[in-house]
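Topology and contacts: notes
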Amino acid sequence: MEIYGKEEDRAKWAMHYAQVKANISQPKRTHNVTVSGKNKQGKPYSYDYKYADLADIDKAVMDGIKKATDKEGNVTFSYFFDIQTTNTAVTVQTLLVDASGFTVKTNKIVFQNGKAYDAQATASLISYAKRYSLSGAFGIAADDDNDAKDQKIIYEPKILTKQELENYQVYYNGVQANLYDLYQEARDGIKDAQDWFKESHTPEDAQAIHQIAQIFKKKHPGTKESDKAKKAALDKIQQSRPEEVKKDPFDEKKVEVDSDPVTDSLF
């Protein structure tokens, strides 16, 4: 949560927020959806639940805002969204704004976006994130409290074959790129490629990245034990030549052979 404005206006913000929230009537859940699938143990499940969509929630909030006014009848509180999109995710925050200017920005709601190239799918995901963010900001129960929802599918990404990995495509800087080549660029020190790997990824992309990382580790084996052996050998050389300054000639070039600069921050 982030806060903006003068400290002396915090009390006004809190009072106006409380007035709005007290005047909000829980929206009717007029939409119905059926969820079915299999759980991790392979057992099928199916359940129905009702929910209020973004329009229903917005109306409930705006009705509450219209009822919370000053002596002159002016609205004292409102909200708007801060929306951010990347090649892999959608992020939404709700800004709760008081007439004094004091503003509270809610925590981020982040959803993975596996179809960033599809404008319609991305717009739907943004609406979904708005719904969650706005509901949380004003304490609105937008869904049925159904214990059956705890039986949701635990998604397990598919293990890819070598050929699938070699041909695996991802969205990088707005265009499709071969993940294998992109990983090599990141290992070679290309900053844009390294930054891409630090972003959030879909479960499918994360699985492919993990498998490719394992392939690269096998191609470039190395262990900390080998480093220790190297150091021990250098120590022996230095002990046999006491007249020279005992300086490790590899000090400026040492690397941690067992670590991977690309995936250490991911796995």
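Above: the structure in question.
What counts and what doesn't
Residues numbered from 1 in each chain as written. Predicted model: local features only at pLDDT ≥ 70, side-chain atom pairs only at ≥ 80, totals over all residues. Heavy atoms only, no water. Phe/Tyr/Trp six-rings, centres within 6.5 Å; stacked < 30°, edge-to-face > 60°. Helix = DSSP H or I, 4+ residues; strand = E, 2+ residues; numbered from the N terminus. Buried < 20%, exposed > 50% of the residue type's maximum accessible area, 1.4 Å probe, protein only. Arc of directions from axis to C-beta. Contact = heavy atoms within 4.5 Å. Axes fitted to C-alpha atoms, helices over the stretch in contact; angles between N-to-C directions. Parallel < 35°, antiparallel > 145°, perpendicular 65-115°, else oblique. Left-handed = near helix turned anticlockwise from the far one by under 90°. Nonpolar A, V, L, I, M, F, W, Y, C, P; charged D, E, K, R; others polar. Salt bridge = Lys/Arg side-chain N within 4 Å of Asp/Glu carboxyl O.

**Describing the packing of aromatic side chains**
Per the counting criterion, the structure on display carries 14 aromatic pairs. Arranged with centres 5.7 Å apart and planes meeting at 75°, the rings of F111 and Y132 form a pair that is edge-to-face. One end of the pair, F111, is in strand β7 (residues 109–112); the other, Y132, is in helix α3 (residues 119–138), and 21 residues separate them in sequence. Centre to centre, the rings of Y128 and Y132 are 5.1 Å apart; their planes meet at 65°, and the pair counts as edge-to-face. Of this pair, Y128 and Y132 both sit in helix α3, 4 residues apart, which is roughly one turn of that helix. Accessibility expressed as a relative area gives 37% for Y132, which makes it partly exposed. A network of ring pairs unites the aromatic residues W13, Y17, F77, Y79, F81, F102 and F138 as a single cluster.

**Brief notes about helix α6 (residues 191–198)**
All of the buried residues along α6 are A193, W196 and F197. Buried residues of α6, seen end-on, are gathered within an arc of 95° and therefore sit on one face of the element. Exposed positions of α6 whose direction lies more than 90 degrees from the buried face are K191 and K198. Elements in contact with the buried residues of α6: β8 (169–172), α5 (179–187) and α7 (203–219).

**Brief notes about the packing of α5 against α7**
Where α5 meets α7, the closest approach of the two axes is 11 Å, and the angle between their N-to-C directions is 60°. The angle between the axes of α5 and α7 places the two elements in the oblique class. The interaxial crossing formed by α5 with α7 has right-handed handedness. Between α5, through L179, Y180, Y183, Q184 and R187, and α7, the contact on the second element is made entirely by A208, I209, I212, A213, I215, F216 and K219. Split into classes, the residues belonging to the contact of α5 with α7 amount to 9 nonpolar, 1 polar and 2 charged.

**So, the environment of K108**
With respect to the element layout, K108 can be found in the loop between β6 (103–105) and β7. Sequence separation between K108 and T94 is 14 residues; the distance between their C-alpha atoms is 8.3 Å. Residues contacting K108, with those up to four places away along its chain left out, are T91, V92 and Q93.

**Focus: the pattern of salt bridges**
One pass over the full model with this rule turns up 4 salt bridges. Where E7 meets R10, a salt bridge forms, and the shortest distance between an N and an O atom there is 2.8 Å. Residue classification places E7 among the exposed residues on the basis of a relative accessible area of 52%. With a shortest N-O distance of 3.0 Å, K59 and D63 are connected by a salt bridge. Here D63 and K59 lie together in helix α2 (residues 54–67), a separation of 4 residues that amounts to about one turn. We classify K59 as exposed; its relative accessible area is 52%. Exposure remark for D63: the relative accessible area of 28% places this residue in the partly exposed category.

Bear in mind that shape data such as this cannot, by itself, settle questions of function.
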